[in-house]
Amino acid sequence: ICNSVWTLRALPMKERTFTEAVRSVAKQVGAGHKVEIIVEPTNELPVLADFIAGNLLLIVQEAVHNALKHAKPAQIHITLTASADATTFVVVVQDDGSGFVMGSQPGPSSGHFGLEGIRERAERLGGKLELNSTLGSGTTLLIEVPLRSFDHDLI
């Protein structure tokens, strides 16, 4: 939890792009693992509100951590895409690890809060999480959130 809070609070978005911030988080989480992490923006990305950027970074951090801990991938590919009209933002985290049978993953009742936390963050942003995994073929998380401004006094 400490690292997650630090990441959110220490996010200098005004000094770097969201892509650079994602690369930094991925490098930090992947340190010490034999994995290639690729971060790829697919188009020109808008400047994100800090609340959106911070929550998306925490989602990426948890998704990469989960892949490294549970799937032992050789590669993790993170794709960042803004809709053409800049109304939605999509983050896809895909790994080539061991995967799992959908519905068999441990959840909060067994002390595993990662996926639930990702889902809750996506919903907090008014977005959604799609999760797909196949045993032996890796896992893909797709997070889609609407882009809007936030009143910082309400956060």
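First things first, this report covers the structure right here in the doc. (Residues numbered from 1 in each chain as written. Predicted model: local features only at pLDDT ≥ 70, side-chain atom pairs only at ≥ 80, totals over all residues. Heavy atoms only, no water.)

1. Let's talk about the sheet that holds strand β4 (residues 128-134)
Right, so step 1: With mixed pairing, five strands are arranged side by side in an open sheet as β1-β2-β3-β5-β4. Each having just a single partner strand, β1 (36-41) and β4 make up the two edges of the open sheet. Within the sheet, the average angular offset between the axes of one strand and its neighbour, ignoring direction, is 10 degrees.
Right, so step 2: With respect to the sheet, helix α2 (residues 18-30) is in contact with β1, β2 (75-82) and β3 (88-95), its orientation differing from that of β1 by roughly 170 degrees. (Pairing = 2+ DSSP bridges. Helix = DSSP H or I, 4+ residues; strand = E, 2+ residues; numbered from the N terminus. Axes fitted to C-alpha atoms, helices over the stretch in contact; angles between N-to-C directions. Contact = heavy atoms within 4.5 Å.)

2. Overview of the side chain of Asp95
Right, so step 1: You can see Asp95 is positioned in strand β3.
Right, so step 2: The buried charged residue Asp95 lacks any salt bridge, with Lys72 as its nearest oppositely charged partner at 11 Å.
Right, so step 3: Of the polar contacts made by the side chain of Asp95, one reaches the backbone nitrogen of Gly97; its length is 2.8 Å. (Buried < 20%, exposed > 50% of the residue type's maximum accessible area, 1.4 Å probe, protein only. Lys, Arg positive; Asp, Glu negative; His and termini not counted. Salt bridge = Lys/Arg side-chain N within 4 Å of Asp/Glu carboxyl O. Polar contact = N/O pair within 3.5 Å; in protein donor to acceptor, adjacent residues only side chain to side chain.)

3. A closer look at the pattern of salt bridges
Opposite charge on two side chains permits them to pair, given that their charged atoms come into close proximity.
Right, so step 1: Taken as a whole, this structure holds two salt bridges when the rule is applied.
Right, so step 2: Here Glu130 makes a salt bridge to Lys128, at a shortest N to O gap of 3.5 Å.
Right, so step 3: Residue Lys128 pairs with Glu144 through a salt bridge whose shortest N-O separation is 3.8 Å. A residue pair is termed long-range when its members are at least 10 positions apart, and Lys128 in strand β4 and Glu144 in strand β5 (residues 138-146) qualify at 16 residues.
Right, so step 4: Residues participating in the shared-partner salt-bridge network are Lys128, Glu130 and Glu144.

4. With respect to the packing of α2 against helix α3 (residues 50-71)
Right, so step 1: It is at 10 Å that the axes of α2 and α3 come closest, and there the two elements cross at 30 degrees. In this view, α2 runs roughly parallel relative to α3, as classed from their interaxial angle. Crossing geometry of α2 relative to α3 is assigned as right-handed. Mapping the contact onto sequence places Phe18, Ala21, Val22, Val25, Val29 and Gly30 in α2 and Ala53, Leu56, Leu57, Val60, Gln61, Val64, His65 and Leu68 in α3. (Parallel < 35°, antiparallel > 145°, perpendicular 65-115°, else oblique. Left-handed = near helix turned anticlockwise from the far one by under 90°.)

5. Remarks on the environment of Val145
Right, so step 1: By the secondary structure assignment, Val145 is in strand β5.
Right, so step 2: A relative accessible area of 1% means that Val145 is categorised as buried.
Right, so step 3: In this structure, the C-alpha to C-alpha distance between Val145 and Arg124, residues 21 residues apart in sequence, is 9.4 Å.
Right, so step 4: Leave out the neighbours within four places in its chain, and Val145 touches Ile52, Leu56, Thr87, Thr88, Phe89, Ala122, Leu125 and Gly127.

6. Observations regarding the nonpolar core
Right, so step 1: Counting 37 residues, the largest nonpolar core has Phe18, Leu56, Ile78, Phe89 and Ile143 as the members making the most contacts within it.
Right, so step 2: For this core, the secondary-structure elements that each account for two or more residues are α2, α3, β2, β3, α4 (114-124), β4 and β5.
Right, so step 3: Broken down by element, this core gets its largest block of residues, 11 residues, from α3. (Core = buried A, V, L, I, M, F, W, Y, C linked by side-chain atoms within 4.5 Å.)

7. Some remarks on α3
Right, so step 1: When the terminal C-alpha atoms of α3 are compared, their 30 Å separation across 22 residues agrees well with the 32 Å that a helix rising 1.5 Å per residue should span.
Right, so step 2: With 17 of its 22 residues buried, α3 lies for the most part within the structure. (Expected span 1.5 Å × (residues − 1).)

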